[in-house]
Each structure stands twice: as C-alpha cells, then as structure tokens.
Amino acid sequence: MRLFADLVASGIAIGAIYGLIAMGFAVIYKATGLANFAQGEMSMIVAYVAWTISTTLTGNVFVVVAGSIVFAVLLGLAVERFIMRPMLGEPIFSTVLVTIGVAVVLRSLITLVWDAYPHALNLGVGRDVVKMASVSLRGAQIASILTLLAVMGAFYLFFRFSKIGVAMRAVAADDRTALLMGVSAARIHAIAWGCSSAIAGIAGVLFALVYDLSPAMFQLGLKSFPASILGGLDSVIGSGFGGILIGVAENLAGGYVGSGLKDVAGFLMIIVILMVQPFGLFGEREIVRV
Amino acid sequence: MRSGDFKETYADLIVLSDSRLVWAWAGVLVVALVVAPFVVNAYVLSLLTLVLITVTGALGLNLLTGLTGLISLGHAGFLLLGAYGYAIVVAKHNLHPLLGFLAAGVAPALFAIVVGLPSLRLRGLYLAITTLAFSYIISDLILEAKSITDGARGITVQRPEFFGLDFSSDPSFALLCAFVAAVALFACLNIQRSRIGRAFMAIRDNDIAARTMGVNLQAFKLYAFMTSAFITGIAGALMGIYLSFVSVEGFPFLFSIEALAILIVGGLGSALGAVLGTVFIVLLPEAIRILFSWFGGALESLLSTGVHEVKSIAYGVAIILFLRFEPRGLVGVWRDAKRLWTHWPLKY
Amino acid sequence: MRYLIATALAALALHGAPAVAAEQGVTDTEILIGEVDPFTGPPALLGKAHSSGLKLAFAEANEAGVNGRKIKMISEDDGYVTARTLQGLRKVIDVDKVFSVVGISGSGQSIAAMPVLEKSGVPTIISSAPVSQIFEPARKNVFALGQVYTQGIKELTAFLADKFPGKKWGIVTQDDDYGLLVREGFDTIVKAKKLNVVYSGSYKKGQTDFASDMLRLKESGAEVFLAGGIISENVAMIKEMEKLAFKPAVGIFWPGRIEVVLKLAGPASDGLYAVDYVEPLAGPAGKAFVEQAKKHLTEAEMKGINRYTEAGYAAGRVLVEAFRKCGKALTRDCAISEIEKTKDLQTGVMAPISFGAGKRFSDQKVQIMQADFATLSYKPVK
C-alpha cells in the first residue's frame, strides 16, 4: 500500500509536467488546427533562459519565473508572427512541417548558445523534500501539481467567461463564421501561441527544477503528445488530465510490472482508450459530412 | 505544347506515359544510374546509395500518407522490422538472401495489420500518434524478444550474394539499391493507376463518399497499410545491409519525421514528389556543407566550435524557408519549370 | 641515347621520391586526420570533449612539427546517428582523403563503421567507446584504445563485493548494448562471488523519471547499488534515492563519470564509487593535464574538459608518436606497424599504453575512485 501511494504520488508529479505541455499542444490545436511539434523545444529553451537569468542576474525565484514567462510569451508571439502567420491558408501538412523545422532550429540553438552539459536550475527553492503521511515529494514536484491545477482552473474560467476565450472557441468551432462575426483570427492565433508558449515555458522551468536542464529535454514534448491525445487534442483541460493519467500509468507499470513496460505504458493506454473513444477522453467528436 | 492530343480509350488515359520523350529520358536516367556507381568516388556513391534506399522507404510511406491520406509517424518501426526480418533470416539462420528480403517485406506487412486496425476508427493526428505508439512498441518488443532478435546486442549483417552475383562491393550494392528503388517506383506508379490506387485516393479525398461509391474502407485501409509497410520493410533491409549492423539504435524516431518531411517537401501524393523530396532532404546537409566550404575558413574560424550547430540550424531554416515560399513542394516547382519550358518565351 | 635514358631515369627518380611519400592525406607540410564524433544534440558532451583532447595532442605536436609536417584535423558531426556516422566517415576518407581516422562516436556506431574502415585500410584508433567487437577479430588497421565496459564493471563489482561483504545488491541498466555489457560484467562477478542480487531493472534510453525504479529498489532492501545510467539518468537516480531517504553504497560507471554529475546530484553524491581507466581530473595527474591543456584550448573548450578529453588526448598522442617514428616517409603501412609497436607510451592521462603484434586492444588498467562532493571531484581509492 505504501508503495502504491508513493508510485501514484510521483506519477502525478511527473504527469503534471506532461499535462502542462499537453495543454500547450491543445491550446494551439484548438485555435489553429495545428500540431506544434516544437512544443518540447520551446519548453527547453525557456528553461535554459531561466537558468541564464538565475546564474547571471539574480536567483530570486519570482524574478526568474516572471522573466522566463515574459520570454516565453515573446518567443511564442515571434514564432507565430514571423513563421506561422505567413503560412496561413497553406496546406496543413506544410504548416506542420514548418513547426518541425522550428524544432530543429531551437534544438541546435541549445548547444550553440549554451552547451551539452546538464545544469541544475538552482533557485534556492524546490529541492527540499516534503513528507506527507508516507509519501515524500520535492517542493518543485508539489509546485508542478499545483501549477497544473491552477492553469487548468484559469483556462476553464478563460474559455467560459472572457471575451477572448469565447472568441477562441468560436474560431476553433468555425473560423469563417467567426471572421464574419468580427473575430480576428490572426489575433486569436497570436494569443494562442503566446499562451501555449507560456505554459510550455512554465512546464520547462518546473521540469528543470526537479530533473535539471539538459539538451535532451525536448523529448518531453514527444512524451506529452500522448497525454494530449488521451485527453482529446482539442480539449485543453482534458489534456491536463491526460498528462496525470499517463504519469500515473507509467509509474504503476514501472512499479508493479517491470521497467520494460514503463516507457510503453502510456502508449499502450492511448491505443486502448482511443479504440473506445476515438477522439480522446474529453475531445469533441468531429462530425464529418460528405 | 502538343496539340491534337486526344485520349480515345480509358487505357490511354491511365497509361504511365504516352510520350516517347518521357520514356527516352527515363531510359537515359536508367543508364546514368547503372553507370554512375562505377564512375563516382566512394563518398558520392554512398550518398547515392543512401538516396536510393531512402527513395524506396519514402515511396512506401507515400502510398499510405500521400495516396490514402493516413498519416504515419511510425514508419521507423516498419523500417526496423524490415531490417530485423532480413538480419534474422540471413545473418542468424544463414538462409537465402532473397528469403531475407521476403521476410523483410512480410514481417512489417503482417504487423501493419495490427497497426492499421485503429485507422478504421481514428483520423488525422489521433491515428498519427497511435502509429507512433506502435513504433515504440515494436522497438520494445524487439529488445524484449532476446531469443529471436538478440535484444540490444544487435545483429551484424554482411552484404548479400545470390544468383552468382556478389553485392559486397559498394558499386554493386548501389546497383541493387537502384534496382529495388526502380521496382518500388514502378509498383507505386502502377498501383496509382489501378483500381486499388483510385480507391486509395478516394479514401484520402473523402472516405465517406468513397464508401458510398462501394469502396470497402476496412479492406483498403488495411491494404494500404500492408503495401506501405512491405515496401518500407524492404527499404529497412537495405538500410540494415548498408549500415552492416542492425540494432534498435540504428533506426531512430527521427527517420519517421524525416520520411514525412521528404513527402511534404517533395509534394504529397506524388511518386515523383517522393523522389525529388528524397534528393532534397538527403542532400540538403551536403549542400549546406558545400556552401560553408565556399565561405571557407573565415566562417569556420569565426564560429569555431559552433560550426556544426550552425549547419544544423541552417538545415531547419532551409526547410522553413522552402515551405514558406513553395508550400506545394518540389512537384510544384517541377510543374512550373515544365510549363515554362514548353511555353517559353510566351507566358501562357 | 644513353644520356636520354639516364635523364629520364633521373627525372623518374626525382619524381618517384615524393611519390613514395605522397600517401593519401600526407603532403610535405601536412598530415590530415579525420574524426567523426557527435557535436550536436545531447551526446555532444562526449564528442566535443573528445575532439578538444585530440586538438590538444595535435597542437602540442605541431609546436615542433612532426618531421616538418603539421597535423590538421577534420571533424565531422554524426549527431550520434549511425547512418550519419558512416556518411561522415566516407566523407573524411574519400573526399578529404585523410591519412588516419580517430574517435568514432558510440559503440554501436564504431561497430557499424568496421567494414568501411577495414576496406579503406586507414590507420584507425577507436578511443571514444571501445568495445570487444572492434578488436575481435583483430583488424590490421583498427586499434582500440581504452578498456571494455565488461572488464570495468567486473573490477568495480569485485571491489564493492570485497568492501561490502554479504550485502544485498541492486542494479539498473540501460536497455541497449551498453547496458547489456554492463550486465554481462556484473553477472560474471555475481556468479563468481555468489552475490545476493535482490533487484535488477532496466530503463529505456532517455527516461527521466526514475521514481518507480527507485521505489522498487528501496522496497527490495538493496544495500549496494550499481547505477548503470549515463549522466542525467544517474543524477535522477541519486536524487530520487535522496528524496526517499534511502542510502545504499552506489557505484557508477565511466561513461557517466564526469564532474558535473556530482554538482547536479548534490550532497547525496558524496562517496559514490566509480571506475575508470583515465585519471580523475582532480588527481595530481589530472591537474597537470588541465594545466597543460590551458595552453592550447579555448576557454569554451576548457569548460568542456572531462574524461573524454583525456581519452581523445591519449589517442592523439599514440598517433603522433607513430608518425614521428615513421620519419619523412610516412606511409599507412609504416603508421600501422608503428602504432602496433607502441610500448609503454606515457601520456599522463592513463596507464602506459601498449599495443603489440596481433594485439589491437590496449587493455588499459582501470582504477576505482570515490566522489568527494566538497571539491566536486573524484579521488582514487586504495
């Protein structure tokens, strides 16, 4: 039982990070209909920027986090404005491949600007171990879980009550009608990229706090993709849940069955669930007309 | 512009090419491919071999993604199965290399039935991610099935020798790859103009409409998966022989992405596009390298340790810029060039 | 007529003399050497360090020159992808026409490179990741400098078994050929010393979260643990154990024995046992090496110094010594036979290096070391 509780707790902790990145995927998919293959790379570069701020300017956790979120938003906006917007109206495949190109560029930037060594992001917080009943987690892991919950709540309110959020849903539902209603699709796209990049950045910083920085961090994107699929690509909040489910499934498989199964547990789970729910757990069923 | 060009029968309409000139050029290309391996230096030869192997794999993916419209992010898995199929039959059990190639095609094709099943229910990215999941599962199975595959140890593969032909030298192996690529190209072109190919395209354009036209979706989607996996598996076997060492590590996920990139850069859904895209993507790093060497030592010393990263950034930027200015892919460029050629100096 | 023949012969002789020396990759002023290593992506950690070691050895040799020639190195990046390793190798051999090849990425990449290297006949030293497939069977022109994984892990396990007799053991390895070799070495000693192994797991390359693995390890009650990860995996395992307040004796292996691991893993890394065939940088020999490197390496390269720099440096030294002995008429055959004759070459970064007739593996002596967190360094034990 203690093992079970421990496994679930650490599963939720890593799942929260998957979930955050998966929400980033979902925001862009919802607003633009694109899969952004550079999501993991964006997380990585924001985490490296956070590290640079912490080693050169100040290690104050608030400054570092604020600075890296600002950078993340700027990065998202820049990618949207200069790379993605010119591709508007082009075949979707070409547009998705462009995000792969962005991923290649960002990945190489890491070893060009920084180096291939792993680094610890030391903000003076998050390393301490917190014991709750029999379960022990690091501060940063608890912060990840709380952040995920907060971001999920914020998105719920955003989509429900804010004008921009409603507009985003409108663009996602039918971009032409939304345009006719006076919603600027370009602006919505920009906001989506900014938001998505910011969440990805937060996830990157949290990941770096728990597991350190390394140029291999971009693989996080690939690991989080299934989470988004599981929750439903167009369901932002569902993707967050998807992340937690995958994290827990991985850890339980690793803990009870064997480490060989750990890395495919998430994949096995999405295959099984997609056979029952072809648009993910919370995804909207696409109705196709001839 | 040819005039008086009437199609009188259906056969005329679907013939591979009715132009003698095209056949003549194809002949020239074949001769060039046969001669090239014996003329060029070993490095260019290895690039040529790599292009030919990649063309075969890209053609395989094109059947599925280009023609049938089912996106796969898991083709590295089929390559891997093909390479292992060949390696196990030939290197571990010393059977005939042709049997090895057969296994390299059949093993992925059989597995493709399992991978293809979700395609009956899933669309777009959902399907793409399940294929990705399967490619991870394939590599996991290969690592676990130690008694059959030697697990992580990998299998060393020799160049084949059959029908009294020895393919151990680089030029002769390149010829083998050229032969396989040509056969794959012909197979794809012929599938495209057959009933099956038309059914594939109907599924891509609108699967519900296709179904009402009497296309059996289940059968044809699975069929697309199997043929695609078969051809990709053969490419995997060649890749394994080329690498001379088959292991899970030698076939990274990157290959799946690169294969998709080839199709998109080339122009989705066209066999010609797959060929042009392969040439572009495989030779792009070479082009960048040559570009760098023109600027010479100045640039190299300026960037000192960063030169390799800059090359890899240039690769990403080249792909972005290309798609920005030519989103239809190389096939679009090719068609424009052809039009310009026939109409010049007129505009239309 | 006779006069004519004599002049022709003389001309031929004059022409012929340089022709003997004009082996591929050698001119009167230059010797070209090719290197293929990963310079992009995470394994750049290995590749860049290895490359700067080679650069150092060649820069030192170029100060005086090698029989009037300077050594020039051409480095190709393979990004740790086997297909690109072969491309890079063919490029340096067939386009740049190098005289000799050194390095070569990881173990899988080196194995795949063997047919190309054997066919080309260029004198080659494999120093990044030597494995037994490279020298068994012995190839005329391919030399493996270092030690194989199995031997290293055997010595580490044997050492820990003597130090902690009768304890319960745990091991976690990577699910690739590297992990397999680690496990092979471990199993040999387990059998020989009848060790009690209570946990044995493996992980997929690239795994970051080791919570479930470490929880199971703790449950199993292991007291001595071999962490078979490379760099970030070992750090993640050590940090996870710290979180669980679980403190077995931990052994790590040389591919991940870099100083940064200690810094990242924090105080929990104090007292880690490690094994390697190159000198720890904090030891007297290592310190001397770092001093020596400052002269020729840039600041960025100095930051990247680690054990692979030492491995690269040793390989470079072996080549330089062999070229020196060949004198002005440097040919491949001569270089190969001179490398073969290398006997107790002192490089300062590892035990004296020797090859021999039919002996293509230098079989370096390994030493056990222990991590000291206070100084972020490894110190020899015994």
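Residues numbered from 1 in each chain as written. Chains lettered and ligands numbered in written order. Predicted model: local features only at pLDDT ≥ 70, side-chain atom pairs only at ≥ 80, totals over all residues. Heavy atoms only, no water.

## Thoughts on the overall build of chain B
Within chain B, the secondary structure is distributed over 15 helices and four strands. Against the compact-globule benchmark of 20 Å for 348 residues, chain B has a radius of gyration of 21 Å, which places it among compact chains. In chain B, which comprises 348 residues, the share counted as buried stands at 54%. In chain B, once contacts between residues fewer than 6 apart in sequence are set aside, the share between residues at least 24 apart is 74%. Surface exposure of chain B reaches about 15,800 Å², of which carbon and sulfur atoms provide 69%. Each charge sign in chain B was given a centre, from 23 positive and 19 negative side chains, and these centres are 9 Å apart. (Helix = DSSP H or I, 4+ residues; strand = E, 2+ residues; numbered from the N terminus. Rg over C-alpha atoms; globule rule 2.2 N^0.38 Å. Buried < 20%, exposed > 50% of the residue type's maximum accessible area, 1.4 Å probe, protein only. Contact = heavy atoms within 4.5 Å. Areas by Shrake-Rupley, 256 points an atom, 1.4 Å probe, with all protein chains shown as cover. Lys, Arg positive; Asp, Glu negative; His and termini not counted. Charge placed at Lys NZ, Arg CZ, Asp CG, Glu CD.)

## Brief notes about the interface of chain A and chain B
On the side of chain B, 41 residues touch chain A, which itself brings 45 residues to the contact. When the two sides are added together, the surface that chain A and chain B hide from each other amounts to roughly 3,800 Å², 81% of it contributed by carbon and sulfur. The interface formed by chain A and chain B includes zero salt bridges. Applying the counting rule to chain A against chain B returns six residue pairs in polar contact (both at pLDDT 80 or more). Tallied by class, the residues present in the side of chain A that touches chain B amount to 33 nonpolar, seven polar and five charged. (Buried area = accessible area lost by both parts, 1.4 Å probe. Salt bridge = Lys/Arg side-chain N within 4 Å of Asp/Glu carboxyl O. Polar contact = N/O pair within 3.5 Å; in protein donor to acceptor, adjacent residues only side chain to side chain. Nonpolar A, V, L, I, M, F, W, Y, C, P; charged D, E, K, R; others polar.)

## Things to note about the packing of aromatic side chains
Each aromatic ring pair is described using two quantities: the centre-to-centre distance and the angle formed by the ring planes. The final tally for this structure, using the stated rule, is 32 aromatic pairs over all chains. Centroid distance F25(A) to F225(A): 4.4 Å. Interplanar angle 10°. Geometry classified as stacked. With F25(A) in helix 1 (residues 2-32) and F225(A) in helix 9 (residues 219-231), the pair connects residues that are 200 residues apart, well separated along the chain. Of the residues examined, F225(A) reaches a relative accessible area of 1% and is grouped as buried. For the ring pair Y149(C) and Y178(C), a centre distance of 5.0 Å and an interplane angle of 75° mean the geometry is edge-to-face. (Phe/Tyr/Trp six-rings, centres within 6.5 Å; stacked < 30°, edge-to-face > 60°.)

## Let's talk about the state of the cysteines
Under the definition given, this model contains one disulfide over all chains. Between the sulfur atoms of C326(C) and its disulfide mate C334(C) the distance is 1.8 Å. Around the S-S axis, the bridge from C326(C) to C334(C) shows a dihedral of about -115° and counts as left-handed. C326(C) gets classed as buried once you look at its relative accessible area, which sits at 11%. On the accessibility criterion, C334(C) (18% relative accessible area) is buried. Here C177(B) stays free of any disulfide, with the sulfur of C188(B) as its closest cysteine sulfur at 16 Å. (Disulfide = S-S within 2.5 Å.)

## Description of the sheet that holds strand 5 (residues 142-144) of chain C
Residues and elements named next belong to chain C. Strand order in the open sheet formed by five strands is 2-1-3-4-5, and the pairing between neighbours is parallel. In this open sheet, the two strands that pair with only one neighbour each are strand 2 (70-77) and strand 5. Neighbour-to-neighbour, the strand axes of this sheet turn through a mean angle of 20°, independent of strand direction. Taken together, the eight bridges between strand 1 (residues 30-37) and strand 2 define a ladder with parallel strand orientation. (Pairing = 2+ DSSP bridges. Axes fitted to C-alpha atoms, helices over the stretch in contact; angles between N-to-C directions.)

## A closer look at the pattern of salt bridges
Counted according to the given criterion, the structure contains 39 salt bridges over all chains. Among the salt bridges present, the one from D170(B) reaches R90(C), with a minimum N-O distance of 3.9 Å. Taken together, the residues D170(B) in helix 8 (residues 170-192) and R90(C) in helix 3 (residues 82-95) connect one chain to another.

## Some points on the domain arrangement of chain C
All names here are of chain C. Segmentation of chain C into domains returns domain 1 (10-147 + 285-364) and domain 2 (150-276). Computed over C-alpha atoms, the centres of domain 1 and domain 2 are 32 Å apart. Every contact between the two is made by 10 residues of domain 1 and, on the other side, 10 residues of domain 2. Interface of domain 1 and domain 2: buried area, both sides summed, is about 810 Å²; carbon and sulfur atoms make up 58% of it. Contact with domain 2 buries area across many residues of domain 1, yet L45, Q147 and R307 alone supply 56% of it, more than any other trio. Between domain 1 and domain 2 we count one salt bridge in total. Here D276 and R307 are joined by a salt bridge, their closest N and O atoms 2.6 Å apart. Here domain 1 and domain 2 share four residue pairs in polar contact (both at pLDDT 80 or more) between them. (Domains from an automatic or database assignment.)

## Describing the sheet that holds strand 10 (residues 273-276) of chain C
All names here are of chain C. Within the open sheet, the seven strands sit side by side as 7-6-8-9-10-11-12. Their pairing is mixed. Each of the sheet's edge strands pairs with one partner strand only, and the pair in question is strand 7 (196-203) and strand 12 (377-380). The mean angle between the axes of side-by-side strands here comes to 25°, regardless of whether they run parallel or antiparallel. Note: strand 8 (residues 224-228) against strand 9 (residues 249-252), three bridges, orientation parallel.

## Describing a nonpolar patch on the surface
Residue and element names in this part refer to chain B. There is a patch of nonpolar side chains on the surface, built from L95, L99, L102, V106, L110, I113, V114, L117, L120 and F230 and spanning about 780 Å² of accessible area. Considering every element that reaches the nonpolar patch, the biggest residue donor is helix 5 (residues 97-116), with six residues. Among the secondary structure elements, L110 is positioned in helix 5. On the basis of relative accessible area, L110 is assigned to the exposed category, the value being 51%. (Patch = residues over 30% accessible without salt bridge, like charges linked within 9 Å, V, L, I, M, F, W, Y side chains within 5 Å.)

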